[in-house]
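Survey of secondary and tertiary structure
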Amino acid sequence: MSLQGKKALVTGGSRGIGSAIARRLAADGAAVAITYAGNKAAADETVAAIERAGGTAFAFQADASQPDSQRAGIEQAAAALGGIDILVHNAGVAEFSTITDDTDETYDRQFGVNVKGLHVGTRAAMPHLRDGGRIILIGSISGEMAFPATSIYSATKAAVAALARGWAKDLASRNILVNTVQPGPIDTDMNPADSEFAQQMIGVIPLGRYGRVEEIAGAVSFLAGPDASYITGTTLNIDGGASA
C-alpha cells in the first residue's frame, strides 16, 4: 500500500494499459479517477473491478481531442478525488500510413490527442496537483525507434518525452516529478500477442515475447511511489530489450 492516501487520475483508463494502470494504483492504495473517450462500458468495468477489490474509483467522459471536453473531465476528476497527487496521461491514438498516404487529418488527429490533448490536460490539472506530486506520461519506444508507416505517431511520442523533460525542470521547485514510460509491444486487444504482426515483431525482441499490461502498470506505480523520489525528467523503456 505504498500509495495509501494518494489521489490518482489516469486519462484513457477504460481498457488495456490504462485500465491496468488504474487497477494497480488502486491496489497500491490510491483513490483513482479515470477518463475515457467513449467506451463507457469498459470504463464502468474498470471502476467496478477496483471497487470489488475494496478500492475507490470514478470514471468521467473526456475526449482528449477536444480541449473543452478534456478540461471538463480533468475538473470533474479533481473534484471527485479532492485534489490530485498522481497524474498519468495514457490517452492516445495511433494511425499507420506512409508519407505517401498521410493526410492533414491523420496528422491533426494524432497530434491533437497525443500531444495537444496531453498538454491541455496537464495545464488543466496544475491547479489541483499538489506539491510533491507525480506526472507520468505514457509514450512509446516508437518515439525513438523507426517503424514502417508510423512516422506521425512516432513524432507525437518523441514530443511526449520532450514535454516531460521540460516539465521536469519547470516543476522541480514544487518537487513535482515528471517522467515518461515508453512501452514496446504490449499484449492488448488492439495489439494482440497472437496476431500475425506480433509474430513478426517477436523476432526482434530479445526476450522473445510481448509484454503484459501489468508490467507497464508496475513501472508506473513505482514512479508514482516513494522509491522514485529522485527520478525526474527521464524515460523508461519497457520493451523486452527491443530498443537496446
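All values reported here derive from a predicted model rather than from experimental measurement.

Reading guide: rules and limits
- Residues numbered from 1 in each chain as written.
- Predicted model: local features only at pLDDT ≥ 70, side-chain atom pairs only at ≥ 80, totals over all residues.
- Heavy atoms only, no water.
- Helix = DSSP H or I, 4+ residues; strand = E, 2+ residues; numbered from the N terminus.
- Buried < 20%, exposed > 50% of the residue type's maximum accessible area, 1.4 Å probe, protein only.
- Contact = heavy atoms within 4.5 Å.
- Axes fitted to C-alpha atoms, helices over the stretch in contact; angles between N-to-C directions.
- Parallel < 35°, antiparallel > 145°, perpendicular 65-115°, else oblique.
- Left-handed = near helix turned anticlockwise from the far one by under 90°.
- Nonpolar A, V, L, I, M, F, W, Y, C, P; charged D, E, K, R; others polar.
- UniProt positions renumbered as here; feature names shortened; annotations may be inferred.
- Core = buried A, V, L, I, M, F, W, Y, C linked by side-chain atoms within 4.5 Å.
- Pairing = 2+ DSSP bridges.
- Right-handed = clockwise from strand over helix to strand, strands pointing away.

What follows covers the side chain of T106. Here T106 shows up in helix α4 (residues 104–125). Accessibility expressed as a relative area gives 10% for T106, which makes it buried. For T106, the residues in contact, after removing those within four places along its chain, are E95 and I152.

A word on the packing of helix α3 (residues 67–81) against α4. Two packed helices can be described by the angle between their axes and the distance between those axes. Direction vectors running N to C along α3 and α4 enclose 40°, while the axes themselves pass 9 Å from each other. In terms of axis orientation, α3 runs oblique to α4. In this structure, the crossing between α3 and α4 has a hand that is right-handed. Counted together, P67, Q70, R71, I74 and E75 of α3 and K116, G117, L118, V120, G121, R123, A124 and A125 of α4 form the full contact between these two elements. A per-class count over the contact of α3 with α4 returns six nonpolar, three polar and four charged.

Our focus in this paragraph is the UniProt feature "domain: Ketoreductase" (unreviewed entry) in the protein chain. Mapped onto this numbering, the UniProt entry gives "domain: Ketoreductase" (unreviewed entry) at residues 6–189. Segment residues 6–189 splits into 45% helix and 21% strand. End C-alpha atoms: 30 Å apart.

Next up on the list: the environment of D44. Mapped onto the elements of the fold, D44 is located in helix α2 (residues 40–52). The exposure class of D44 is partly exposed, given its relative accessible area of 35%. With 15 residues separating them in the primary sequence, D44 and A59 have C-alpha atoms 7.0 Å apart.

Judged by nonpolar contacts, the single largest core of 32 residues is most densely connected at I21, L25, V32 and V88. For this core, the secondary-structure elements that each account for two or more residues are β1 (7–11), α1 (16–27), β2 (31–36), α2, β4 (84–89), β5 (129–138) and α7 (213–224). Per-element tally for this core: the top contributor is α7, with seven residues. Once residues lying within four places of it in the same chain are set aside, the contact partners of V32 are A8, V10, A22, L25, A26, T56, A57, F58 and L81. Of all hydrophobic cores here, the second largest spans 24 residues; its members include I74, L81, V160 and V178.

Time to look at the pairing of β1. Across the five residues that make up β1, a large majority, four, are buried. Pairing between β1 and β2: four bridges, direction parallel. Its bridge partner being in β2, V10 is matched across the sheet by I34. Running through α1, the crossover from β1 to the neighbouring parallel element β2 is right-handed. When β1 meets β4, the two strands line up parallel, connected through four bridges. Note on β4: the bridge partner recorded for A8 is I86.

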